[in-house]
Amino acid sequence: MRVSHENLERTCTAIFGAMGSPHWEAGLVSRSLVDANLKGHDSHGVGMIPTYARHFADGMLKPATAVSKIRDAGVVLQFDGNLGFGRRVGGEAMDEAVGRCRQSGAAVMTLKSAHHLGRIGAYGEIAMSAGMISIHFVNVVDHAPLVAPWGGSTGRFVTNPVCIAVPGTDTTPSLLLDMATSRIALGKARVAMTRGEDVGIGNIVDAKGRQCTDPNTLFSDPLGALLPFGEHKGSGLALMCELLAGGLSGGGTIQPGNPRNGSILNNMFTVVVDPRQFADPSWLSGELDSLIEYVKSSPAAQQFGPVRVAGDPERQAAEDRHANGIEIDEAEWREILEAGQGLGLSEAEMYVSDVTKT
């Protein structure tokens, strides 16, 4: 099925409004999910709505909840998300970190107990819009582990993302590296399962540690596991996400002594810096332009090229999906509508008029 991004946003906004979000918050969260779809990250898009609805029903997601500042010590800021919508509380924490960076040249921020933060690139974009560089490490708690450590066969991490955002210049677009530390995000496996598709070899293992391609392995008992990207390198980064995001925020790590109630709670460790405090802006812009031009000048490899840098795939996906709509599997669309109906909404109230079958 194909849905325009405008109509999809209205549908999401209606659903979050039925959960008790004020209109501006419902719109903010909706735009964040739809933006993930627009940029090709369907795993973090509107397919999360049924999960959000379940967590809301179980009291594990608190709409209309603001972030709380729990420590303010110069360049160090610490926040509690209070189970609020991740995009709201994460955005509020980032806004304060960017403001502190303007004053001090740098800021270090932690956030704990935020409901699903979504696409972490959204927080890098907040920094870049202010001309700042940001680095983010995130872990996931209140959830069973899904990613095997390198050399292991059962889950010990979740998909713990890392994000680095660097603003662009007048001639070079911004650079936004936003990646899970697993080979693929769990949401990509969920999308593949919904569509009846396999995932590529080397991405998952079954409960006995054997490589397989069936995404159902990750959602049935006994559970399989995702594999880390880059073998030991991704596994090492996932571990550092646990220690930096979960440890320094006070939100906890995936170790089994902490609760696992089946929600998706994120902790985040963020560094924001003003590049103007470190290098002459004109020189730095010239270096960025020259470096990206040099990197992209590498002749295309037959099976992979041409060279793309961080941020390019998202820009290309957004151009296509703005023009042609967002493709959603019928089963996924049905689950979204059922989530809204479970909150008392009719299809008419969810604005489903421009849905077309492909």
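Preceding this section is the structure that the text describes.
Just so we're clear, the structure is a prediction, and the values are computed from it rather than from any experiment. (Residues numbered from 1 in each chain as written. Predicted model: local features only at pLDDT ≥ 70, side-chain atom pairs only at ≥ 80, totals over all residues. Heavy atoms only, no water.)

> Can you lay out the layout of surface pockets for me, pointing to particular residues and giving the numbers?
By volume, the second largest pocket amounts to about 320 Å³. Every residue lining the second largest pocket is counted, 15 residues in all, and those nearest its centre are Pro167, Gly168, Pro275, Leu284 and Ser285. Element by element, the count of residues in the lining of the second largest pocket is highest for helix H8 (residues 281-296), at 6 residues. Here the lining of the second largest pocket is built from residues that sort into 9 nonpolar, 4 polar and 2 charged. (1 Å grid on protein atoms, 1.4 Å probe; cavity = no way out; pocket = protein on both sides within 12 Å on 5 of 7 lines; lining within 4 Å. Points joined across faces, edges and corners; volume = space filled by probe spheres on them. Helix = DSSP H or I, 4+ residues; strand = E, 2+ residues; numbered from the N terminus. Nonpolar A, V, L, I, M, F, W, Y, C, P; charged D, E, K, R; others polar.)

> With reference to specific residues and values, describe the sheet that holds strand S10 (residues 225-226).
The strand order across the open sheet built from 3 strands is S9-S8-S10, with neighbouring strands paired in antiparallel fashion. Of all the strands in the sheet, the pair left with one neighbour each is strand S9 (211-212) and S10. (Pairing = 2+ DSSP bridges.)

> Explain the side chain of Asn37 to me, and be specific about the residues and the numbers.
Inspection of the secondary structure puts Asn37 in helix H2 (residues 23-38). Reaching out from Asn37, the side chain makes a polar contact with the backbone nitrogen of Val46 at a distance of 2.8 Å. Residues contacting Asn37, with those up to four places away along its chain left out, are Asp42, Gly45, Val46, Arg321 and Ile326. (Polar contact = N/O pair within 3.5 Å; in protein donor to acceptor, adjacent residues only side chain to side chain. Contact = heavy atoms within 4.5 Å.)

> Tell me what's going on with the sheet that holds strand S3 (residues 76-80), and back it up with residues and numbers.
The strand order S2-S3-S4-S11-S5-S6-S7 describes an open sheet built from 7 strands, whose pairing is mixed. The open sheet has two edge strands, strand S2 (68-73) and strand S7 (175-179), and neither has a second partner. For this sheet, the mean inter-axis angle between neighbouring strands, taken without regard to orientation, is 10°. Across 9 bridges, strand S5 (residues 133-141) lies against strand S11 (residues 265-273) in antiparallel orientation. Paired with Val140 across the strands is Asn266, a residue of S11. Across the sheet, helix H4 (residues 86-104) is in contact with S2, S3, strand S4 (106-115), S5 and S11; its angle to S4 comes to roughly 170°. (Axes fitted to C-alpha atoms, helices over the stretch in contact; angles between N-to-C directions.)

> An account of empty space enclosed by the protein is requested, with residue identities and associated values reported.
Applying the stated criterion across every chain yields a total of 2 cavities of 30 Å³ or more. Here the largest cavity defines a volume of roughly 50 Å³. In this structure, the largest cavity is lined by Val29, Ser32, Leu33, Tyr52, Phe85, Gly86, Arg87, His116, Leu117 and Gly118. Secondary structure elements with two or more residues in the lining of the largest cavity: H2 and H4. If one sorts the elements of the lining of the largest cavity by residue count, H2 sits on top with 3 residues. Partitioned by chemical class, the residues of the lining of the largest cavity number 5 nonpolar, 4 polar and 1 charged. Volume-wise, the second largest cavity comes out at about 30 Å³. In terms of lining residues, the second largest cavity is bounded by Asn37, Asp42, Gly47, Arg195, Glu327 and Glu332.

> Got a sec to walk through unusual backbone geometry? Specific residues and values, please.
A cis amide bond links Asp221 with the next residue in sequence, Pro222, at an omega value of 0°. Residue placement: Pro222 occurs in the loop between S9 and S10. Although it is not a glycine, Leu83 adopts a positive phi angle of roughly 70°. Within the secondary structure, Leu83 is located in the loop between S3 and H4. The phi dihedral of Glu231 falls on the positive side, at around 55°, and the residue is not glycine. Within the secondary structure, Glu231 sits in the loop between S10 and helix H7 (232-249). For Glu231, a relative accessible area of 44% gives the class partly exposed. (Buried < 20%, exposed > 50% of the residue type's maximum accessible area, 1.4 Å probe, protein only.)

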